[in-house]
Each structure stands twice: as structure tokens, then as C-alpha cells.
Amino acid sequence: MKVLFVIGTRPEAIKLAPVILECQKKKGIQVLVCSTGQHKELLDSAFEQWSLIPDIELDVMQAGQGLNELLSKLLSQLDIVLSDAKPDCVVVQGDTSSCLAGALASFQRKIPVYHVEAGLRTNDKSAPFPEELNRQLVSRIAHVHFAPTEKNKRALLREGISDNNIVVTGNTVIDALMMCQKKMTPESNPEILKLQGIYEPKKKLLLVTGHRRENIGAGFLELIDALRELASNPSLQIIYPLHLNPAVREPMIQALGKTDGIFLIEALGYEAFVWLMSKSFLIISDSGGVQEEAPSLNKPVLVLREQTEREEAIEAGTVKLIGTLKEAIVHGVQELIEDEDAYMEMTQKPNPYGDGMAAKRIVDFLASVE
Ligand code: UDP
């Protein structure tokens, strides 16, 4: 069986790497990896972490292009890939434009689609935008849905998807995290060595990431004000690996580039980022993956969003939605600094997203397909 993986962004590479590596071990499965280049540099760094080399590399990214132009390029370039490679099935992950295009292009060529990380929902098409709708559309297309949790499965059942076509697997990001922790070598990772020169162990580290389209503009301006106020606390150190999107990074660099106590750094490779998460006191983020990973490292996450498709973490109490208002961000951080019980409450919970065996479950299922 020839399986084609379509991957466009950093989280897709991180979350599909364990599945690809597991597939490569299986007799009878031929693996092909197509990188669409949606987030070229971040994607290359994520592939490097796992020594993965894509078999096919597309080049869809162009500065300033809109979502429609991106999607149309993805569809036309992926169509050629499907026509040349003739895979028996296509695996897509998550909710990006590459994921949607991979699914739709395959559907139009009558190739079965397997959707990893299916069934996450905010049920609000405006957030995350456009990812919520992308993920819903892929659920209409996919042949089999790999749902990380029972809650995700229930969402799919409510939408009329048959029980027979849903497999609950856990989230593959936990597999990735565990694999990374196992083979981590801080002493020979140049990024970690550099971070060790910045990191001040005597202070409480506040790790920040942000990239969501909905937060560009007003949301990030509030975050800037909040970080400026928090940086005036001498017992805190703030490290913020910036996303490559100029609309996110430029305002941050302009406003906070010279602020004492705040270190704006480039986006990190996965191993270095996991190392930094493990050193943090608290994480402020609008990232989906970080909400899933942090509970395994016993780190609380304050989420810069009004709603999340990762409700399991809210219910488990490992993450808190705080939105993007300055006062809420500052208050959320101060509360966890001052109230040890509240901090412990958020950090001593089992991770609801899995046990590190998700990739095996997915590949066992793929291998069982006639
Ligand atoms: N991540 C990384 N380097 C960084 C920041 C994040 O490797 O500098 C990882 C993080 O651990 C998580 C993933 O990237 O696995 C999240 O990606 P992102 O926030 O871009 O996307 P989302 O998860 O929101 O879809």
C-alpha cells in the first residue's frame, strides 16, 4: 500500500512525524511525504528534528498572498502530485489550508483520505480562522477519522459520521513530545546551548508564543502592554520565540525589542522549544499544540483566546482561557505567581491527550486496511 502524507506547517510536521516513522517500520507500506511549503522555514526545521526528508517539495508560499490564492495553488500543485504518485490513500493532519487542499484534491481523484486529529471543534467559524472551517470540511471528506479523544469522537458522531469510521487514538503530539524527551541532547544542541546563555534559573520563566490570525492587531497590542507591565517585575524573565509571520513579529519587535526582562528570539526547533517549556514556570500562548503538550511537562498554560477546540485541557484544569485583554493577562500571571495552591492545581493533572501510543494505533489501523 502506498501512503502519501501531505504536510504544510510546523505543527503538522511535528504531529505526523511519529506516524511517518511508525509507518516506515511496517512491512507492506510504502511511505511518501509531500511538503507543501506553506510554512517553508518552520517546516524544514521540524523535519530536520526527525531526520525526515520529504520525497516531494512544493513551493506554494509567497509573501502577502491571501488564503484563496494559497488554496488554489495547493490544489493545482497537489493534483499533479496525486496524478504522478498514484497513492492508495492520503493522510492529512489537523486544520490548515494544506490539510484541506490535500483532502479535497484526493477526494476529487477518488483517493481515500485519512484525517489525523479529527473532531476538534469550537463550532465558531470565526475562531480559529480559517482553521475551524477547514477541519469541519475535512470531516465531510475523510474516509476514516483519527480522533484524539472520546470528546472529539462524540463531536463527529453528532455530525452524522458513522462510528465504524472513527478511531480514538490519543494525540500524536504526545508521541512526538515523548520521543523528543527520550533522545534530547541539550549539551550538543546549538539552540539549547544558546538558550542556556539567556535563561536565568533564579527567575520565574514566562514563555510566550502567539501566531493566531484572530489576534493580529488588537489582541497582540493588548499582549504587548501586558508583557511590558509584567517585565517590570524583577523576579520574572520573559522569553518569546517569534513566529515568522511578519504581521505578528514586526509589532512585537518594534514595541518590545528593547524592553529589559523580555527576550524576543527566533522560532526554535522542536527539541529546543521542548527544553524551554520544561524550564518555564508558566506558558502564555494561543497555540493549539502547546495546550496539548504542556500538561505532560506539568506546566500551566494561559490561553490567549476566547474559546478553544481543546476543551479537555480546560476541563482537566491544566489550561485556562484568559482572552487577550491586558488586565486579564496580567491578572492571570500574577495569580499563579502569588497563589501556590492555584499553581499546583494546574500542574498536577494527568494529560488528557494521550499516552504516546497514538501513532501506533493509527498505523496498526492503516496496515489492517485491505
Ligand atoms: N513549537 C516549536 N518551536 C517554537 C514554538 C512552538 O517547535 O518556537 C512547537 C510546539 O511545541 C508545538 C507546535 O510547534 O508542537 C505548535 O505550533 P503552532 O503554535 O505554530 O501551531 P498550532 O499548534 O497553534 O496549530
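Residues numbered from 1 in each chain as written. Predicted model: local features only at pLDDT ≥ 70, side-chain atom pairs only at ≥ 80, totals over all residues. Heavy atoms only, no water.

Enquirer: Just checking my understanding: could you explain the overall build of the chain for this structure?
Expert: Helices and strands together make up the secondary structure of the chain, namely 16 helices and 13 strands. At 20 Å, the chain has a C-alpha radius of gyration in line with the 21 Å of a compact globule built from 370 residues. Its C-alpha atoms put the chain at 60 × 40 × 40 Å along the principal axes. For the chain, buried positions account for 56% of its 370 residues. Per element, the accessible surface of the chain, about 15,700 Å² overall, is 51% carbon and sulfur. In the chain, which carries 39 positive and 50 negative side-chain charges, the distance between the mean positions of the two groups comes to 3 Å. (Helix = DSSP H or I, 4+ residues; strand = E, 2+ residues; numbered from the N terminus. Rg over C-alpha atoms; globule rule 2.2 N^0.38 Å. Buried < 20%, exposed > 50% of the residue type's maximum accessible area, 1.4 Å probe, protein only. Areas by Shrake-Rupley, 256 points an atom, 1.4 Å probe, with all protein chains shown as cover. Lys, Arg positive; Asp, Glu negative; His and termini not counted. Charge placed at Lys NZ, Arg CZ, Asp CG, Glu CD.)

Enquirer: How should I be thinking about the sheet that holds strand β3 (residues 56-57) in this particular structure?
Expert: In a beta sheet, neighbouring strands pair by backbone hydrogen bonds and run either parallel or antiparallel. A sheet is described by the order of its strands in space; here seven strands give the open sequence β3-β2-β1-β4-β5-β6-β7, paired in parallel fashion. With one partner strand each, in any of the chains shown, β3 and β7 (166-168) form the two edges of the open sheet. Relative to strand β6 (residues 144-147), strand β5 (residues 113-116) runs parallel, the two being bridged by three bridges. Following the sheet pairing, Val-116 is matched in β6 by Phe-146. Those strands touched by helix α6 (residues 150-158) are β6 and β7, and its axis lies near 165° from that of β7. (Pairing = 2+ DSSP bridges. Contact = heavy atoms within 4.5 Å. Axes fitted to C-alpha atoms, helices over the stretch in contact; angles between N-to-C directions.)

Enquirer: Any chance you could explain the environment of Asn-298 here in plain terms?
Expert: Considering the arrangement of structural elements, one finds Asn-298 in the loop between α12 (288-293) and β12 (301-303). Leaving out residues up to four positions away in the same chain, Asn-298 has contacts with Thr-347 and Gln-348. Polar contacts involving the side chain of Asn-298 include one to the main-chain carbonyl oxygen of Thr-347, which spans 2.7 Å. (Polar contact = N/O pair within 3.5 Å; in protein donor to acceptor, adjacent residues only side chain to side chain.)

Enquirer: Is there a simple way to explain the site of the ligand in this structure?
Expert: Neighbouring the ligand are 14 residues, the closest being Leu-268, Ser-287, Gly-288, Gly-289 and Glu-293. Contact between the ligand and Arg-10: an oxygen atom at 2.9 Å from a side-chain N or O atom of the residue. One of the backbone N or O atoms of Gly-289 is found 2.7 Å from an oxygen atom in the ligand. In the complex, the protein chains occlude 95% of the 550 Å² of accessible area that the ligand would expose alone. (Near = heavy atom within 4 Å.)

Enquirer: Help me understand helix α2 (residues 40-49) in this model?
Expert: What sets the pattern is the α-helix's 3.6 residues per turn: residues three or four places apart point alike. For α2, the full list of buried residues reads Leu-42, Leu-43, Ala-46, Phe-47 and Gln-49. Along α2, the residues classed as buried sweep out an arc of 150° about the axis, all on the same side. The exposed set on the far side of α2, more than 90 degrees from its buried face, consists of Glu-41 and Glu-48. On its buried side, α2 packs onto β1 (2-7), α1 (10-25), β2 (30-35), α7 (172-182) and α11 (270-279). Downstream of α2 by one or two residues, Ser-51 has phi in the positive range, about 50°. (Arc of directions from axis to C-beta.)

Enquirer: Would you explain the packing of aromatic side chains in this entry?
Expert: Enumeration according to the criterion identifies five aromatic pairs in this entry. Judged by centre distance (5.7 Å) and plane angle (80°), the ring pair of Phe-146 and Phe-365 falls under edge-to-face. With a gap of 219 residues between them, Phe-146 in strand β6 and Phe-365 in helix α16 (residues 358-368) connect regions that are remote in the sequence. Its relative accessible area of 24% is what places Phe-365 among the partly exposed residues. Every member of this aromatic cluster is reached through a ring pair, and the members are Tyr-114, Phe-146 and Phe-365. (Phe/Tyr/Trp six-rings, centres within 6.5 Å; stacked < 30°, edge-to-face > 60°.)

Enquirer: Just to check I follow, could you spell out the pattern of salt bridges for this structure?
Expert: Think of it this way: side chains of opposite charge can pair up when their charged atoms draw near. Counted under the stated rule, the structure contains 28 salt bridges. Residue Asp-364 pairs with Lys-26 through a salt bridge whose shortest N-O separation is 3.1 Å. Linking Asp-364 in helix α16 with Lys-26 in the loop between α1 and β2, this pair joins segments that are 338 residues apart in sequence. For Asp-364, a relative accessible area of 31% puts it in the partly exposed group. Arg-228 is paired through a salt bridge with Asp-225; the nearest N and O atoms lie 3.5 Å apart. Residue Arg-228 and its partner Asp-225 are both found in helix α9 (residues 218-231); the two are separated by three residues, about one turn of the helix. (Salt bridge = Lys/Arg side-chain N within 4 Å of Asp/Glu carboxyl O.)

Enquirer: I would appreciate a short explanation of unusual backbone geometry in the present structure.
Expert: The general pattern is negative phi for most residues beyond glycine and trans for most peptide bonds. The omega torsion across Ala-127 and Pro-128 is -5°, close enough to zero to call that bond cis. Position of Pro-128 among the secondary structure elements: in the loop between β5 and α5 (131-141). Residues Phe-129 and Pro-130 are joined by a peptide bond in cis, for which omega reads 0°. The residue Pro-130 is located in the loop between β5 and α5 in this model. For Lys-86, which is not glycine, the phi dihedral falls at a positive 45°. Relative to the helices and strands, Lys-86 is located in the loop between α3 (67-85) and β4 (89-93). According to the relative accessible area criterion, Lys-86 is exposed, its value standing at 59%. We note that Lys-110 has phi near 60°; this positive angle belongs to a residue other than glycine. Within the element layout of this structure, Lys-110 appears in the loop between α4 (97-108) and β5.

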